[in-house]
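Here are the chains, one letter per residue:
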Amino acid sequence: MQAVRLRIASRALAPGDRLPSVRGFAETMAVSPSTVVDAYDRLAAEGVIRARRGSGFYVTGVNLPPLALAERGPPRARDVDPFWVSRQSLDADPSLPKPGCGWLPADWMPNAALRRGLRQIARGDDAVLSDYGSTAGSVALRRLLLGRFADDGITATTDQIMLTSSGTQAVDLICRLLLRPGDTVLVDDPCYFNFRALLRAHQLKIVSVPYTPTGPDITAFEQTILTEHPRLYLTNSALHNPTGASLSPQTAHRVLSLAAAHDMTVVEDEIFADFEPSPSPRLAVLDGLHRVIRIGSFSKTLSASVRCGYVAGRADWIEGLIDLQVATSFGGPSRVTTELIAGVLAGGSYRKHMDDVRQRLSRARKAAAAKLAPLGIEPWIMPRGGFYLWCRLPDGQDSTEIARRCMEEDVILAPGNVFSVSQSAATFMRFNVAQLGGERVLAVLRAAMAARTD
């Protein structure tokens, strides 16, 4: 009964949904069918579910519990779920190494350029310091972005792009505009773990397809579309998070063909694009912003403290998204934020900054792989760029257990299953090569792995 209530509270089961069959749920819970029958009968008596003759049991929507974004359970089960990994990384002492986090160290960022920009803003127009942001965001920054799109081969106009307070808010607004609770969304397996958290918050059904070194497994992709009918596909195509893989041209074309054939919208998050040494195939470029929505932000390349994202797509969708942003945030991102970012991008130092970062990361990826090799930890692939290594652990090691042990020593890791809808990545771990730190992290990791052997 508790397992069913948890699924309803997390909206994995929504009003009107059919519960698993008695036999199937008995196998899942490792109990007898009679136990499931008894549990279903009791829940039906409470009005939580209703039996339909010859069809099964269905959620009624009566006595619906408040939405639970994280599954309840013993503390051990919560320690390393997506929310807890995010909380641990965000709340950790800044002096501690965070190999499980998703950002670069502060001393890797263009702080001198940011300080110059802040001083210029402080001496500038009072309205920038005091007024709301416009509904679509700074025209100057949007034009800079359109210039970058043109370099990629995308021709767009200012009414096809808007600024948001973050890349996460961009996804949130798109979900509000295009989806309704119970709709199905397709993601990669593995995928960025906050995609899972955000989609759950919108009470959406999440299905996944395995990700390969050249993009989603196309056979599984097509089969899932045929059986699950997803409304939207959410992905990173440039330096995929967490794997670091990039789309091949063949996979990109097939994804777009299937999306068009089955009326599926694609949201392409390009937050890591500037870390690539040269551009890989982009779905938005091939599609021309017809069925594909491009999103991104500057938190990985400029500053996570100066939050600003963007959405580019069809003009009618952008118009609807702007209205939603007004309803939920009363305008676009802060004028201080957008003026600062526009100034840094236009000032000429950003290109050199990213050249330096790409070179540092190239060295750091090789160094991290060499450090992890003696522990039997090997990269799934060696990415073309970026700061993630998606690594396979030695046989018999469970990344969740290792992360839990390391957490006790103030080392925050990102175990594989927080990225996996199917929970099939227990032997994987994502490492941030710029945050791997010195020998202490490796010593803690070595001890955690040895504890499993002992």
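### Re the overall build of the protein
Piece 1. Regarding its fold elements, the protein presents 18 helices and 14 strands.
Piece 2. Relative to the compact-globule value of 22 Å for 454 residues, the protein shows a C-alpha radius of gyration of 23 Å, a close match.
Piece 3. Every one of the 454 residues in the protein was classed for burial, and the buried ones make up 51%.
Piece 4. Long-range pairs, those at least 24 residues apart, make up 73% of the contacts in the protein between residues at least 6 apart in sequence.
Piece 5. Carbon and sulfur atoms make up 51% of the accessible area of the protein, which amounts to about 20,300 Å² in all.
Piece 6. For the protein, the distance from the average position of its 51 positive side-chain charges to the average position of its 46 negative side-chain charges is 1 Å.

### Some remarks on empty space enclosed by the protein
Piece 1. Within this structure, the stated rule accounts for 1 cavity of 30 Å³ or more.
Piece 2. Space inside the largest cavity adds up to approximately 50 Å³.
Piece 3. L239, H240, G244, F272, G385, G386, F387 and Y388 are the residues that line the largest cavity.
Piece 4. For the lining of the largest cavity, the per-class residue count stands at 4 nonpolar, 4 polar and no charged.

### Some points on the sheet that holds strand β14 (residues 428–432)
Piece 1. Strand order in the open sheet made by the 4 strands is β11-β12-β14-β13, with antiparallel pairing throughout. A strand with exactly one partner marks an edge of an open sheet, and here the two such strands are β11 (378–379) and β13 (414–415).
Piece 2. Relative to β14, strand β12 (residues 388–392) runs antiparallel, the two sharing 5 bridges. By the bridge assignment for β14, R392 is matched with F428.
Piece 3. Across the face of the sheet, helix α16 (residues 349–372) comes into contact with β11, β12 and β14 while running at roughly 25° to β12.

### Describing a positive patch on the surface
Piece 1. Judged by side-chain charge, R115, R116, R119 and R123 come together as a positively charged surface patch.
Piece 2. In this structure, R119 sits in helix α6 (residues 111–122).

### Some points on the pattern of salt bridges
Piece 1. By the definition in use, this model includes 17 salt bridges.
Piece 2. Between E228 and K205 there is a salt bridge, with its nearest N and O atoms 2.9 Å apart. Of this pair, E228 sits in helix α11 (residues 218–228) while K205 is found in strand β5 (residues 205–212), placing the two residues 23 residues apart along the sequence.
Piece 3. Taking the relative accessible area as the measure of exposure, E228 reaches 27% and is therefore partly exposed.
Piece 4. Residue R384 pairs with E276 through a salt bridge whose shortest N-O separation is 2.7 Å. Placement of R384 in the loop between β11 and β12 and of E276 in the loop between β8 (265–269) and α13 (283–287) is noted, with a sequence separation of 108 residues between them.
Piece 5. Overlapping salt bridges bring together D152, E270 and R294 as one network.

### A word on the sheet that holds strand β10 (residues 309–312)
Piece 1. Here we have 8 strands laid out as an open sheet, ordered β3-β10-β9-β8-β7-β4-β5-β6, and mixed in their pairing. Of all strands in the sheet, those bounded by a partner on one side alone are β3 (161–164) and β6 (215–216).
Piece 2. Across 4 bridges, the pairing between β3 and β10 is antiparallel. Counterpart to T164 in the pairing with β10 is G309.
Piece 3. Seen against the sheet, helix α14 (residues 315–329) touches β3, β8, β9 (292–297) and β10 and runs at an angle of roughly 25° to β3.

### Things to note about helix α3 (residues 33–46)
Piece 1. An ideal rise of 1.5 Å per residue puts 20 Å on 14 residues; α3 measures up with 20 Å between its terminal C-alpha atoms.
Piece 2. Taken together, the buried positions of α3 are occupied by V36, A39, Y40 and L43. One side of α3 carries all its buried residues, which in axial view fall inside an arc of 95°. In α3, the exposed positions angled more than 90 degrees off the buried face are occupied by S34 and A45.
Piece 3. Buried positions along α3 lie against α1 (2–9), α2 (22–29), β1 (49–52) and β2 (56–59).
Piece 4. Following α3 by one or two positions, G47 adopts a phi angle in the positive range, close to 85°.

### Quick word on the packing of α1 against α2
Piece 1. Running from amino to carboxyl end, α1 crosses α2 at an angle of 100°, the nearest separation of the two axes being 12 Å. Here α1 lies roughly perpendicular to α2, going by the angle between them. From α1, A3, V4 and R7 reach across to α2, where they touch F25, T28 and M29.
Piece 2. Split by residue class, the contact of α1 with α2 holds 4 nonpolar, 1 polar and 1 charged.

### Regarding the environment of A3
Piece 1. Looking at the secondary structure, you find A3 in helix α1.
Piece 2. As for A3 and M29, which are separated by 26 residues in sequence, their C-alpha atoms are 8.7 Å apart.
Piece 3. The residues touching A3, leaving out its near neighbours within four places in the chain, are F25 and M29.

### Details of the packing of α6 against helix α15 (residues 335–346)
Piece 1. At their nearest, the axes of α6 and α15 sit 9 Å apart, and the two run at 125° to each other. Relative to α15, the element α6 lies oblique. For the pair α6 and α15, the sense of crossing is right-handed. On α15, the residues touching A113, L114, G117, L118 and I121 of α6 are V336, E339, L340 and V344.

What counts and how
Residues numbered from 1 in each chain as written. Predicted model: local features only at pLDDT ≥ 70, side-chain atom pairs only at ≥ 80, totals over all residues. Heavy atoms only, no water. Helix = DSSP H or I, 4+ residues; strand = E, 2+ residues; numbered from the N terminus. Rg over C-alpha atoms; globule rule 2.2 N^0.38 Å. Buried < 20%, exposed > 50% of the residue type's maximum accessible area, 1.4 Å probe, protein only. Contact = heavy atoms within 4.5 Å. Areas by Shrake-Rupley, 256 points an atom, 1.4 Å probe, with all protein chains shown as cover. Lys, Arg positive; Asp, Glu negative; His and termini not counted. Charge placed at Lys NZ, Arg CZ, Asp CG, Glu CD. 1 Å grid on protein atoms, 1.4 Å probe; cavity = no way out; pocket = protein on both sides within 12 Å on 5 of 7 lines; lining within 4 Å. Points joined across faces, edges and corners; volume = space filled by probe spheres on them. Nonpolar A, V, L, I, M, F, W, Y, C, P; charged D, E, K, R; others polar. Pairing = 2+ DSSP bridges. Axes fitted to C-alpha atoms, helices over the stretch in contact; angles between N-to-C directions. Patch = residues over 30% accessible without salt bridge, like charges linked within 9 Å, V, L, I, M, F, W, Y side chains within 5 Å. Salt bridge = Lys/Arg side-chain N within 4 Å of Asp/Glu carboxyl O. Expected span 1.5 Å × (residues − 1). Arc of directions from axis to C-beta. Parallel < 35°, antiparallel > 145°, perpendicular 65-115°, else oblique. Left-handed = near helix turned anticlockwise from the far one by under 90°.

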